[in-house]
Amino acid sequence: MKSKDNPFSVEKSEESSGFLLWQVTNLWQREIKKSLEQYGITHSQFVLMASTHWLTLHEMEVTQIVLSNHTKIDPMTTSTVLRTLQQKGLIKRQEHLTDTRAKTVALTENGIEIVKKAIVTVETFDHHFFSLLGNNVKNFNGFLQNLLTGKHISS
């Protein structure tokens, strides 16, 4: 029942897309965190390592700004997480050959070994987690891409 003290536009909390997304994201992140503990890396560290590996496999020059754009992690956080990964001996950063402001990023041999195992673990978890969507996974991914790019879905 709507009253002047009730600013909510929904009758039930499960009708709020944002609240549902927040709940699902928290559940998913909590489980991903558990699955990555065996590798001694955080979810952010995994995302930057996996993205470095992905971009390298696709023959792209990997810099901090390329990683930040690819992962949607802000540049300062990207730099901080990369510094931690470098201290752990999982990545190496070097001055860019032509752009003195940029640093290139590469996985170390140990980093490659760990990220390959972690990717299998995360992809296995994701497959299981999102299998509840059945045949709707591709549509779900499309909706998420639309939200990321700001494209509106036609009815």
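Criteria and cut-off values
Residues numbered from 1 in each chain as written. Predicted model: local features only at pLDDT ≥ 70, side-chain atom pairs only at ≥ 80, totals over all residues. Heavy atoms only, no water. Helix = DSSP H or I, 4+ residues; strand = E, 2+ residues; numbered from the N terminus. Expected span 1.5 Å × (residues − 1). Buried < 20%, exposed > 50% of the residue type's maximum accessible area, 1.4 Å probe, protein only. Contact = heavy atoms within 4.5 Å. Core = buried A, V, L, I, M, F, W, Y, C linked by side-chain atoms within 4.5 Å. Salt bridge = Lys/Arg side-chain N within 4 Å of Asp/Glu carboxyl O. Axes fitted to C-alpha atoms, helices over the stretch in contact; angles between N-to-C directions. Left-handed = near helix turned anticlockwise from the far one by under 90°. Nonpolar A, V, L, I, M, F, W, Y, C, P; charged D, E, K, R; others polar. Parallel < 35°, antiparallel > 145°, perpendicular 65-115°, else oblique.

A. How the structure looks around helix α2 (residues 43-57). Spanning 15 residues, α2 covers 21 Å between terminal C-alpha atoms, matching the ideal 21 Å at 1.5 Å per step. Listed in full, the buried residues belonging to α2 are His43, Gln45, Phe46, Leu48, Met49, Ala50, Ser51, Thr52, His53 and Leu55. Buried-residue contacts for α2 involve α1 (17-36), α3 (64-71), α4 (75-87), β2 (103-107) and α5 (109-130). With its phi angle positive at about 55°, Glu59 sits one or two positions after the end of α2.

B. Examining the nonpolar core more closely. Membership of the largest hydrophobic core comes to 26 residues, with the highest contact counts inside it found for Leu36, Ile41, Phe46, Met49 and Leu85. Among the elements of the structure, α1, α2, α4, β2 and α5 are those that each provide at least two residues to this core. Ranked by the residues each element gives to this core, the list is headed by α5, at six residues. For Ile41, the residues in contact, after removing those within four places along its chain, are Leu36, Phe46, Met49, Lys88, Leu90, Ile114 and Ala118.

C. Examining the pattern of salt bridges more closely. Evaluation of the coordinates by the stated rule reveals three salt bridges. Between Lys34 and Glu31 there is a salt bridge whose closest N-O contact spans 3.3 Å. In this pair, Lys34 and Glu31 both sit in helix α1, three residues apart, roughly one turn of the helix. For Lys34, a relative accessible area of 48% gives the class partly exposed. By relative accessible area, Glu31 is classed as partly exposed at 26%. One salt bridge connects Glu113 with Lys117, and the closest N-O pair in it is separated by 3.7 Å. Within this pair, Glu113 and its partner Lys117 are both found in helix α5, separated by four residues, close to a single helical turn.

D. View of the side chain of His53. Position of His53 among the secondary structure elements: in helix α2. On the accessibility criterion, His53 (15% relative accessible area) is buried. Residue contacts for His53: discarding those within four places in its chain leaves Leu107, Ile112, Val115, Lys116 and Ile119.

E. Structural view of the packing of α1 against α5. Remark: α1 packs on α5, axes separated minimally by 10 Å, with the N-to-C direction vectors making an angle of 145°. Classified by chirality, the crossing of α5 by α1 is right-handed. Contact residues: Val24, Leu27, Trp28, Glu31, Ile32, Ser35 and Leu36 in α1; Ala118, Thr121, Val122, Phe125, Asp126, Phe129 and Phe130 in α5. Of the residues that constitute the contact of α1 with α5, the class distribution is 10 nonpolar, two polar and two charged.

F. Spatial organisation of the environment of Gln145. Inspection of the secondary structure puts Gln145 in helix α6 (residues 137-149). By relative accessible area, Gln145 is classed as exposed at 52%. With 104 residues separating them in the primary sequence, Gln145 and Ile41 have C-alpha atoms 26 Å apart.

G. Broad picture of the packing of α2 against α3. Here α2 crosses α3 at 110°, and the two axes come no closer than 10 Å. Considering their axes alone, α2 and α3 lie roughly perpendicular with respect to each other. Contacts between α2 and α3 involve Val47, Leu48, Ser51, Thr52, Trp54 and Leu55 from the first element and Val66, Leu67, His70 and Thr71 from the second. Here the residues of the contact of α2 with α3 sort into six nonpolar, four polar and no charged.

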